[in-house]
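# Tertiary structure, described
The lines below spell out each chain.
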Amino acid sequence: MAYVTVSIAGAQNDARFGKVQFPIKSYIEKRGEGFEQESVLKKLFRMDHSNAFGASYRGVTAMDNFKPVGEGGSYPNTGMEEGYPKNFTHMTWKNQFVATMEAVDDNKIGDIKRSATQFMTSYNRTREEFARALYVGGLSGTSVKYEGQTFDCAAADGLALFSKVHTNKVNKKTQANLYADAFTIEALGKAETAMQNLTGDNGELLSVTPDTIWIPNDAALKNEVFAAIGADKDPATANNAFNYQYGRWNVIVDPYLTRMLTKLKVSEKPWFLLDGKFLDDQDGAVFIDRQKLTVKSFVDNNNDNNVWSGRARFTGGFVDWRFALAGGVTGGSNL
């Protein structure tokens, strides 16, 4: 599926704009596809598509274990039930830019191209920031305000994505994925262990395996992370003991996360562990495209300007919280 669809049917017959229509159309399409390839959005969310007004996710608890029945024994009945449900409603997003008749008359193609660049950058930046806003909002609440609209950032259990008291639906055990510890190699090991010990809604072991460290673009935090995982020997010990964290992690250093922490006035520098496979398999974080970006070009007869307007529908949020852990947050549990 193409990342962006551009229609110039409303203006292609206007000879005045003929020399800019198709070059700008091609440029917008290439800018969209290029940004999609570079984005880390797909590492933070499972990318999904919807053909309805909204989307609904509803998992099931684990199946009971096999039972020893002996020779000729009967098959046991096994039990499963629905997990917590989560529903999403798609949001419509719009923007536009204008190429004036005077710019075309004066052959200012470069100016028009820059406007197209800014237009596509705006769209892609919006998606990236919105995605980070959901995560950052989930550090302290069940909703977050972005660009004047309020969005749900709770997990399917109704609690903030990151919480000390997530509750299993069946056995009612509480578990945490929100911690106060600053990043150290010791905290990394404890956080990994905590995620590996998480259980499902009826208490079954899930084999969560975090594989990614995600941090804002902060110099001190980068130093801590790469010092912890960047050498095969432990420099803190006299005999240079083997560092089992070496070579085991993907690292995402994210300026968009830094930006969103600032915009939402979060003074702390949290760090995150993610399990990419669990995120995909269990619908951890989902980013849902209902309508890809559609750009149409038309001439406004009131002022002879060439208007390029873009419209898309998408949303995102969280279902199963167990794919992620946040550290360095005041008020969290202690590892």
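Reading guide: rules and limits
- Residues numbered from 1 in each chain as written.
- Predicted model: local features only at pLDDT ≥ 70, side-chain atom pairs only at ≥ 80, totals over all residues.
- Heavy atoms only, no water.
- Helix = DSSP H or I, 4+ residues; strand = E, 2+ residues; numbered from the N terminus.
- Buried < 20%, exposed > 50% of the residue type's maximum accessible area, 1.4 Å probe, protein only.
- Contact = heavy atoms within 4.5 Å.
- Polar contact = N/O pair within 3.5 Å; in protein donor to acceptor, adjacent residues only side chain to side chain.
- Core = buried A, V, L, I, M, F, W, Y, C linked by side-chain atoms within 4.5 Å.

## Points about the side chain of Glu129
Positionally, Glu129 belongs in helix α4 (residues 109-137). For Glu129, a relative accessible area of 6% puts it in the buried group. When residues no more than four places from it in sequence are discounted, the contact partners of Glu129 are Tyr146, Tyr256, Arg259, Met260 and Lys263.

## Observations concerning the environment of Asp275
Examined against the element boundaries, Asp275 turns out to sit in the loop between β12 (271-274) and α8 (276-281). For Asp275, a relative accessible area of 3% translates into the label buried. Considering only alpha carbons, one finds Asp275 and Phe323, 48 residues apart in sequence, at a separation of 5.1 Å. Polar side-chain contacts of Asp275 include one of 2.6 Å to the backbone nitrogen of Thr209. Only 3.1 Å separates the side chain of Asp275 from the backbone nitrogen of Lys277, close enough to count as a polar contact.

## Structural notes on unusual backbone geometry
Non-glycine residue Lys265 carries a positive phi angle of around 60°. Note that Lys265 resides in the loop between α7 (255-263) and β12. Note on Lys265: relative accessible area 75%, which makes it exposed. Phi at Asp283 is positive, roughly 55°, even though this residue is not glycine.

## A word on the nonpolar core
Counting 70 residues, the largest nonpolar core has Phe45, Tyr135 and Phe323 as its most contacted members. When residues of this core are assigned to their parent elements, the largest contribution, 11 residues, is made by α4. Setting aside anything within four residues of it in sequence, one finds Tyr135 in contact with Leu44, Phe45, Leu161, Phe162, Trp214, Leu279, Ala285, Phe318 and Phe323. Of all hydrophobic cores here, the second largest spans 7 residues; its members include Ala55, Val286, Ile288 and Val319.

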